[in-house]
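Survey of secondary and tertiary structure
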Amino acid sequence: MKTLYVSDLDGTLLRSDETISDYTSRTINTLTGQGMLFSYATARSLVTARKVTTGLNAHIPVIVYNGAFVMDHLTGEILLSNFFGEDVREVFEDLFCRHVYPIVYAYIDGVEKFSYIEEKCTPGMRSFLESRKGDVRTHPVTTPEELTQGDCFYITCIDKPDILEPLYVKYKDAFHCVYQEDIYTKEQWLEIMPSAASKSGAAARLKQYLGCDRLIVFGDGRNDLDLFDSADESYAVDNADATLKEKATAVIGGNNEDGVAKWLAAHHQPMYVSHHKGGLVK
């Protein structure tokens, strides 16, 4: 039986300082060398995911932007994408009317960018942007119209709960929305994605692409709930959100204790396989 293992990054595979331990890298690299099929599913972009997983050998596609994209970890090629349709225009108009000016991720003239209006940024947005200083995708703009340019696929709002919660309630059924507190800054985030974008959908496509029979997943936050729903087995790290723990097959060691890597080392049965080549089913 062929199994695909998929782990969240922040708060799960990564330690609280946003790094991956030598033990975790070494263990996973050894197991993938023996044929284990391992990927990650993260809200991060491939750009920042690569930085925090330095030392981890990823030979199969990875899931980024909470499932908006499945990408080749080595080449950056997009294998599966989910972009907004024209209905996102109404969302932008609504946000602007409420004086919410988000960070918008889009492909502009074929190049990935995240746009923002600096003078409209909240303190939480400024903190996030500071952490991305030097990022080649940075694209400051000056008007709301410029904020909506390109092919949009991800909207990030960082503000007070009383401002963001009504928006979450309004759009959670029409789009894929994640409303939660950031684990590092404790700022309130609302992330809005196309309805078809999800970690669970991307993992299912990746499972099919690799010809796997089973899906085993690991996570810590509410944005992993749909991933847990779709898996054959799901494991919440000890530091996970209580809601996720309730859904989990079991609770394992925490992110600062190499919980995922230790579980894999104890449970994965080595099986040498060749990596599947081909395209994702469209």
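Here the structure is a predicted model, which means the values were calculated and not measured.

Another aspect to go through is the overall build of the protein. Within the protein, the secondary structure is distributed over 11 helices and 14 strands. Computed over the C-alpha atoms, the radius of gyration of the protein is 18 Å, within 12% of the 19 Å expected from 2.2 N^0.38 for a compact globule of 282 residues. Here the C-alpha coordinates of the protein stretch approximately 55 × 40 × 35 Å along the principal axes. Looking at the protein as a whole, 55% of its 282 residues qualify as buried. In the protein, the share of contacts with a sequence separation of at least 24, taken over all contacts with a separation of at least 6, comes to 62%. Just so you have it, the protein exposes about 12,600 Å², and 48% of that area is on carbon and sulfur atoms.

Next up on the list: the sheet that holds strand β12 (residues 214–219). With respect to topology, 5 strands assemble into an open sheet ordered β2-β1-β12-β13-β14, the strand pairing being parallel. Looking at the sheet topology across the chains shown, the edges are occupied by β2 (37–40) and β14 (250–252). Sheet twist, expressed as the mean angle between neighbouring strand axes with direction ignored, is 25°.

On to helix α7 (residues 161–171), then. Owing to its 3.6 residues per turn, the α-helix aligns residues three or four sequence positions apart on the same side. Considered for burial, the residues of α7 that qualify are Leu164, Leu167 and Tyr171. Buried residues of α7, seen end-on, are gathered within an arc of 60° and therefore sit on one face of the element. Packed against the buried residues of α7 are α4 (88–97), β9 (151–159), β10 (176–181) and β11 (188–193).

The next thing to look at is the confidence of the model for the protein. Do not read the fine detail of predicted coordinates wherever pLDDT is low. Scored by pLDDT, the protein comes out at a mean of 93, with 95% of its residues at no less than 70. Low confidence marks residues 272–278, where pLDDT is under 50. Its contacts with residues over four positions away, or in another chain, come to 10 contacts.

One ladder, built from 4 bridges, connects strand β7 (residues 111–117) with strand β8 (residues 138–141); its direction is parallel. Bridge assignment links Ile117 to a residue of β8, and that residue is Val141. For the crossover from β7 across helix α5 (residues 123–131) to β8, the handedness is right-handed.

A word on the layout of surface pockets. Rolled over the atoms, a probe sized like a water molecule indicates the empty space that remains. Considered as a void within the structure, the largest pocket measures approximately 1,000 Å³ in volume. At the level of secondary structure, the elements contributing two or more residues to the lining of the largest pocket comprise α1 (9–13), α3 (46–52), α5, β9, β10 and β11. The dominant element in the lining of the largest pocket, judged by the number of residues it contributes, is α5, at 4 residues. Of the residues assigned to the lining of the largest pocket, the class counts are 12 nonpolar, 15 polar and 17 charged.

A separate point is the nonpolar core. In terms of nonpolar packing, the biggest core is built from 69 residues, with Leu4, Phe218 and Leu264 touching the most fellow members. If you look at the next biggest cluster of nonpolar residues, it comprises 25 residues, including Val91, Leu95, Val100 and Val141.

End to end, helix α2 (residues 22–33) covers 16 Å across 12 residues, agreeing with the expected 16 Å (1.5 Å per residue, within 8%). For α2, the set of buried residues is Thr24, Ser25, Thr27, Ile28, Asn29, Leu31 and Thr32. Elements in contact with the buried residues of α2: α1, β2 and α11 (259–267). Note on α2: the residue one or two positions beyond its end, Gly35, has a positive phi of about 110°.

Here His99, not a glycine, exhibits a phi torsion of approximately 60°, which is positive. Phi is positive for Asp258, close to 60°, though the residue is something other than glycine. Position of Asp258 among the secondary structure elements: in the loop between β14 and α11.

Turning our eyes to something else, we now look at the packing of aromatic side chains. Per the stated rule, a full pass over the model turns up 24 aromatic pairs. An angle of 40° between the planes, with centres 4.6 Å apart, marks the rings of Tyr235 and Trp263 as tilted. Of this pair, Tyr235 sits in strand β13 (residues 233–237) while Trp263 sits in helix α11, placing them 28 residues apart in sequence. Residue Tyr235 shares its accessibility class with Trp263, and that shared class is buried. Three or more aromatic residues joined by ring pairs make a cluster, and in this case those are Tyr65, Phe69, Phe83, Tyr105, Tyr107, Phe114, Tyr116, Phe153 and Tyr154.

Attention now goes to the sheet that holds strand β5 (residues 78–81). The 3 strands lie next to each other as β3-β4-β5, forming an open sheet whose pairing is antiparallel. The sheet is open, and its two borders are formed by β3 (62–64) and β5, each paired with just one other strand. Between one strand and the next, the sheet's axes are offset by a mean angle of 25°, whatever the strand orientation. Bridge count between β3 and strand β4 (residues 69–71): 3 bridges; the pairing is antiparallel. If you follow Val64 over to β4, its bridge partner there is Phe69. Together, β3, β4 and β5 form the strand contacts of helix α8 (residues 199–209), whose direction differs from that of β3 by roughly 160°.

Criteria and thresholds
- Residues numbered from 1 in each chain as written.
- Predicted model: local features only at pLDDT ≥ 70, side-chain atom pairs only at ≥ 80, totals over all residues.
- Heavy atoms only, no water.
- Helix = DSSP H or I, 4+ residues; strand = E, 2+ residues; numbered from the N terminus.
- Rg over C-alpha atoms; globule rule 2.2 N^0.38 Å.
- Buried < 20%, exposed > 50% of the residue type's maximum accessible area, 1.4 Å probe, protein only.
- Contact = heavy atoms within 4.5 Å.
- Areas by Shrake-Rupley, 256 points an atom, 1.4 Å probe, with all protein chains shown as cover.
- Pairing = 2+ DSSP bridges.
- Axes fitted to C-alpha atoms, helices over the stretch in contact; angles between N-to-C directions.
- Arc of directions from axis to C-beta.
- pLDDT = per-residue confidence, 0-100.
- Right-handed = clockwise from strand over helix to strand, strands pointing away.
- 1 Å grid on protein atoms, 1.4 Å probe; cavity = no way out; pocket = protein on both sides within 12 Å on 5 of 7 lines; lining within 4 Å.
- Points joined across faces, edges and corners; volume = space filled by probe spheres on them.
- Nonpolar A, V, L, I, M, F, W, Y, C, P; charged D, E, K, R; others polar.
- Core = buried A, V, L, I, M, F, W, Y, C linked by side-chain atoms within 4.5 Å.
- Expected span 1.5 Å × (residues − 1).
- Phe/Tyr/Trp six-rings, centres within 6.5 Å; stacked < 30°, edge-to-face > 60°.

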